[in-house]
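# Notes for the structure review
If you want the building blocks of each chain, they are given just below.
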Protein chains: 2
Amino acid sequence: MATIKEVAKKANVSVSVVSKSFNNYKDVKEETRQRIFAVAKELDYSPNINAKNLSSKKRMTIGLISSGVLNDNVKDSNAFDIFKGVYRAVADSRFDLSINLIDSKRQTQQSYVQYCRERNIGGAILQGIRTDDQYYKELIDTSLPCVVLDIMNESDNGMIGSVSIDNAKAAREIAGYLLQRNHRDIVVIAGTPETYVNKERIKGVEEALQSCGLELEGLTVLEADFSEEQAYLLAKKYLQEQQPTAFLCFSDLMAIGVMKAVKEAGLKIPEDISVTGFDDLVFCSYTEPALTTIRQDFIEIGKNAAQLLQAIKENNAVKQHIWIEHQLMERDSVKTLAN
Amino acid sequence: MATIKEVAKKANVSVSVVSKSFNNYKDVKEETRQRIFAVAKELDYSPNINAKNLSSKKRMTIGLISSGVLNDNVKDSNAFDIFKGVYRAVADSRFDLSINLIDSKRQTQQSYVQYCRERNIGGAILQGIRTDDQYYKELIDTSLPCVVLDIMNESDNGMIGSVSIDNAKAAREIAGYLLQRNHRDIVVIAGTPETYVNKERIKGVEEALQSCGLELEGLTVLEADFSEEQAYLLAKKYLQEQQPTAFLCFSDLMAIGVMKAVKEAGLKIPEDISVTGFDDLVFCSYTEPALTTIRQDFIEIGKNAAQLLQAIKENNAVKQHIWIEHQLMERDSVKTLAN
DNA sequence: CTGTTAGCGCCTTCAC
DNA sequence: GTGAAGGCGCTAACAG
């Protein structure tokens, strides 16, 4: 592998000129630059990233800290879509960024901050991380630029941004959708209560109820920790005693679990019971019946996260939080009830 | 961020001792080592990876070159599963590897080799790459350790390994499954003919036919380029003229396309026509009817690829090709015909 | 515009 | 066992 030195030598210039040429400095004569490029090509030279990172203090690597890399739920590929979005944004930018995926479960020996510093990672995107994560707080307090997904950051640290859909609004919409179709006996299959996303969605559902003049007391909320299995078990148990007209689930995975329980109880969807999801994972259009749900555009989320991160790093972030549009996907799992 | 110097100073030793301590050299007194570690912890020190890579010529980063990062097919998450497998294998190893994802479509300006050299990438795993890829050949000729997926490498370069299921065998199995159920008018929806995977699967189907004493001439093969849309169009057109008893598809995505065409033709699956897939993507169990297919364990594939790559790098690879077990997933899309 | 030079943080002989 | 010193390849002042 040719080094900058060899290029310089062969082109009869000093290394600094070569360096400048490659870094688009303008104080290099065009002619010289061309000559250098020619030689570089001939020698098959390309700058060594390690050396580059070492000497220039610029940090151009971004880390993607995610809980979705090692989890066993093959159905959950949000992390990958987010990844795709980040990748695209980065590929389209003028930066030469590389992406480091870190699994939150694996990363227990060492704090994220430490990991990032070691690797000269200049900014991180956090996905599927909980605010009570042992290292989350540490990261937030650092001056490392971060973008968190599905978390609303409350600190006044200017280096922290966030991206998410408007969960309250989305929940309001899907609850409203059910209410409009005359569902009054709705059971909410919620996720993990401490979670920002969960709180927002609960809020949205409540708002929808209120705007229909309904009492909140009547609302049954079952907490299934965003787990398919948990949702299945809870729904199964619930169905032994009561039969609501609809299950409003805070994730598609949980909706799948619920559907299984409903079917096992000998009930039909949507004839006997309606079910809705949240996320719009790929398989939602293939379930029987196809699941009505809220679509989150994870690719878009990832893309925006990467762009926001760059903006933060360059100190020109306009908004600290970016809302991504969601979409109600109307399919076949909800029945309109007689008034 | 503390540097090795500061640690050395505070521990009253020279930097080299610190370096050695961290790199498990044995010529450091245990007592000193402990003292150094204590100081390091106190100073929150951890070695800088860039500097490390720069000075030691060891290459511990592996690259994952994939066609699946930027493609728009959200249904196709094989790449992610492979990625997961690689990640796990790497996380379990004693190496500190980081993963670089490279999209083959994006990577047009620069050869893989060059990309890897720049980043000090010591080995690469190629996924979804075609042997006629402009940079593939170059890579194979290099001394960069590589593991290719779904390609059978013919060169005698000892640095190249490969991992895949036994495609011929799998195809034989699923074709046999159909034949056993008395299907005789089978249309194969194949992928891209130049592809290793495709050739093997064709071979497998032919072998199955032969072992039943059937003529190969009767076999209809439609090439749909592994595309859902193409498969849909071809099946649609074919159904206007003829009606086979079964479509044997070389990918689930194509099977989905075929199923759509069949349904649109007013035919029922599996009553009128049976359909089989290949891959077992997540949504296969949710289709209506659930798709009978060949399951590829992509996570396992990724894991083995990473392990093989390490073995190659350490010069102790036993086999150059690793076969991963596949599995016939029997679901509801095939009907047993009357004899 | 171009060259010189001092690091960046760490590893690795080679002396002591 | 430990320390000194020379690089790894590149960037960024600072001179010229």
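Scoring rules and cut-offs
Residues numbered from 1 in each chain as written. Chains lettered and ligands numbered in written order. Predicted model: local features only at pLDDT ≥ 70, side-chain atom pairs only at ≥ 80, totals over all residues. Heavy atoms only, no water. Near = heavy atom within 4 Å. Polar contact = N/O pair within 3.5 Å; in protein donor to acceptor, adjacent residues only side chain to side chain. Helix = DSSP H or I, 4+ residues; strand = E, 2+ residues; numbered from the N terminus. Pairing = 2+ DSSP bridges. Axes fitted to C-alpha atoms, helices over the stretch in contact; angles between N-to-C directions. Contact = heavy atoms within 4.5 Å. Phe/Tyr/Trp six-rings, centres within 6.5 Å; stacked < 30°, edge-to-face > 60°. Buried < 20%, exposed > 50% of the residue type's maximum accessible area, 1.4 Å probe, protein only. UniProt positions renumbered as here; feature names shortened; annotations may be inferred. Parallel < 35°, antiparallel > 145°, perpendicular 65-115°, else oblique. Nonpolar A, V, L, I, M, F, W, Y, C, P; charged D, E, K, R; others polar. Buried area = accessible area lost by both parts, 1.4 Å probe. Salt bridge = Lys/Arg side-chain N within 4 Å of Asp/Glu carboxyl O. Least-squares fit on C-alpha atoms with pLDDT ≥ 70 in both.

Naming follows an unreviewed UniProt entry, where chain A appears as LacI family transcriptional regulator of Planococcus halotolerans.

## Examining the protein's contact with DNA strand C
By nearness alone, 28 residues border DNA strand C, and Ser14 and Thr32 of chain A together with Ile4, Ser19 and Tyr25 of chain B come closest of all. Of all atoms in DNA strand C that approach within 4 Å of the protein, 69% are sugar or phosphate atoms. In this structure, Ser14 of chain A approaches DNA strand C through a main-chain N or O atom, which is 2.8 Å from a phosphate oxygen. Note that a base nitrogen of DNA strand C is positioned 3.0 Å from one of the side-chain N or O atoms of Ser16 of chain A. If you list the elements that add at least two residues to the surface near DNA strand C, you get α2 (15-22) and α4 (49-55) of chain A together with α2 (15-22) and α4 (49-55) of chain B.

## So, the sheet that holds strand β9 (residues 274-276) of chain B
Pairing between the strands of a sheet comes from backbone hydrogen bonds, and it takes one of two forms, parallel or antiparallel. Residues and elements named next belong to chain B. Taken together, four strands build an open sheet; the order of strands is β7-β6-β8-β9 and the sheet is parallel. Bordering the open sheet on either side are β7 (220-223) and β9, each of which pairs with just one other strand. Strand-to-strand twist of the sheet, defined as the mean angle between neighbouring strand axes without regard to direction, takes the value 20°. Pairing of strand β8 (residues 246-249) with β9, which is carried by three bridges, proceeds in the parallel orientation. Bridge assignment links Leu248 to a residue of β9, and that residue is Thr276. Those strands touched by helix α11 (residues 252-264) are β6 (186-190), β8 and β9, and its axis lies near 155° from that of β8.

## Details of the packing of aromatic side chains
All names here are of chain A. By the definition in use, this model includes 16 aromatic pairs over all chains. Note on Phe22 and Tyr45: the rings are 5.2 Å apart at their centroids and 75° apart in plane angle, and the pair reads as edge-to-face. One end of the pair, Phe22, is in helix α2; the other, Tyr45, is in the loop between α3 (30-43) and α4, with 23 residues separating them in the sequence. Phe22 gets classed as partly exposed once you look at its relative accessible area, which sits at 27%. Ring centres of Tyr112 and Tyr135 lie 5.7 Å apart, and the angle between their planes is 70°; on these two criteria the pair is classed as edge-to-face.

## With respect to the UniProt feature "domain: HTH lacI-type" (unreviewed entry) in chain A
Within this numbering scheme, the UniProt entry marks residues 2-56 of chain A as carrying the feature "domain: HTH lacI-type" (unreviewed entry). Across residues 2-56 of chain A, the secondary structure splits into 65% helix and 0% strand, with the terminal C-alpha atoms separated by 20 Å.

## Points about the packing of α2 of chain A against α3 of chain A
All names here are of chain A. The geometry of α2 relative to α3 is characterised by a closest axis approach of 10 Å and an angle of 90° between their N-to-C directions. Considering their axes alone, α2 and α3 lie roughly perpendicular with respect to each other. On α3, the residues that touch Val17, Val18, Lys20, Ser21 and Phe22 of α2 are Thr32, Arg33, Ile36, Phe37 and Ala40. Looking at side-chain class alone, the contact of α2 with α3 contains six nonpolar, two polar and two charged residues.

## Digging into the interface of chain B and chain A
Across the boundary between the two partners, chain B contributes 50 residues, which contact 50 residues of chain A. Interface of chain B and chain A: buried area, both sides summed, is about 4,500 Å²; carbon and sulfur atoms make up 54% of it. At the surface where chain B touches chain A, the tally comes to two salt bridges. The partner of Arg117 of chain A in a salt bridge is Asp44 of chain B, and the shortest N-O contact between them spans 2.7 Å. Here chain B is connected to chain A by five residue pairs in polar contact (both at pLDDT 80 or more). Elements represented by at least two residues in the side of chain B that touches chain A include exactly α4, α5 (78-92), β2 (99-103) and α6 (112-118) of chain B. It is α5 of chain B that provides the largest number of residues to the side of chain B that touches chain A, a total of eight residues. Looking at the side of chain B that touches chain A residue by residue, the class counts come to 22 nonpolar, 13 polar and 15 charged.

## A few points about the protein's contact with DNA strand D
Taken together, 26 residues surround DNA strand D, and among them Ile4, Ser19, Tyr25, Tyr45 and Ser55 of chain A come closest. A distance of 2.6 Å separates a phosphate oxygen of DNA strand D from a polar side-chain atom of Ser19 of chain A. The contact in question runs from a base nitrogen of DNA strand D to an N or O atom on the backbone of Ala51 of chain A, over 3.5 Å. Every element with two or more residues in the surface near DNA strand D is listed here: α2 and α4 of chain A together with α2 and α4 of chain B. Split into classes, the residues belonging to the surface near DNA strand D amount to nine nonpolar, 12 polar and five charged.

## Concerning the sheet that holds strand β4 (residues 146-149) of chain B
Residues and elements named next belong to chain B. Overall, parallel pairing links the six strands, which are arranged β2-β1-β3-β4-β5-β11 in an open sheet. The open sheet has two edge strands, β2 and β11 (321-324), and neither has a second partner. Averaged over all pairs of adjacent strands, the angle between strand axes in this sheet comes to 20°, irrespective of strand direction. Two elements, strand β3 (residues 121-127) and β4, share three bridges in a ladder whose sense is parallel. By the bridge assignment for β4, Ala124 is matched with Cys146.

## Quick notes on the relation of the copies chain B and chain A
You can overlay chain B on chain A at an RMSD of 0.2 Å; the transform is a turn of 180° with a shift of 0.0 Å along its axis. Within this description, the copies of the chain are treated as partners about a two-fold rotation axis.

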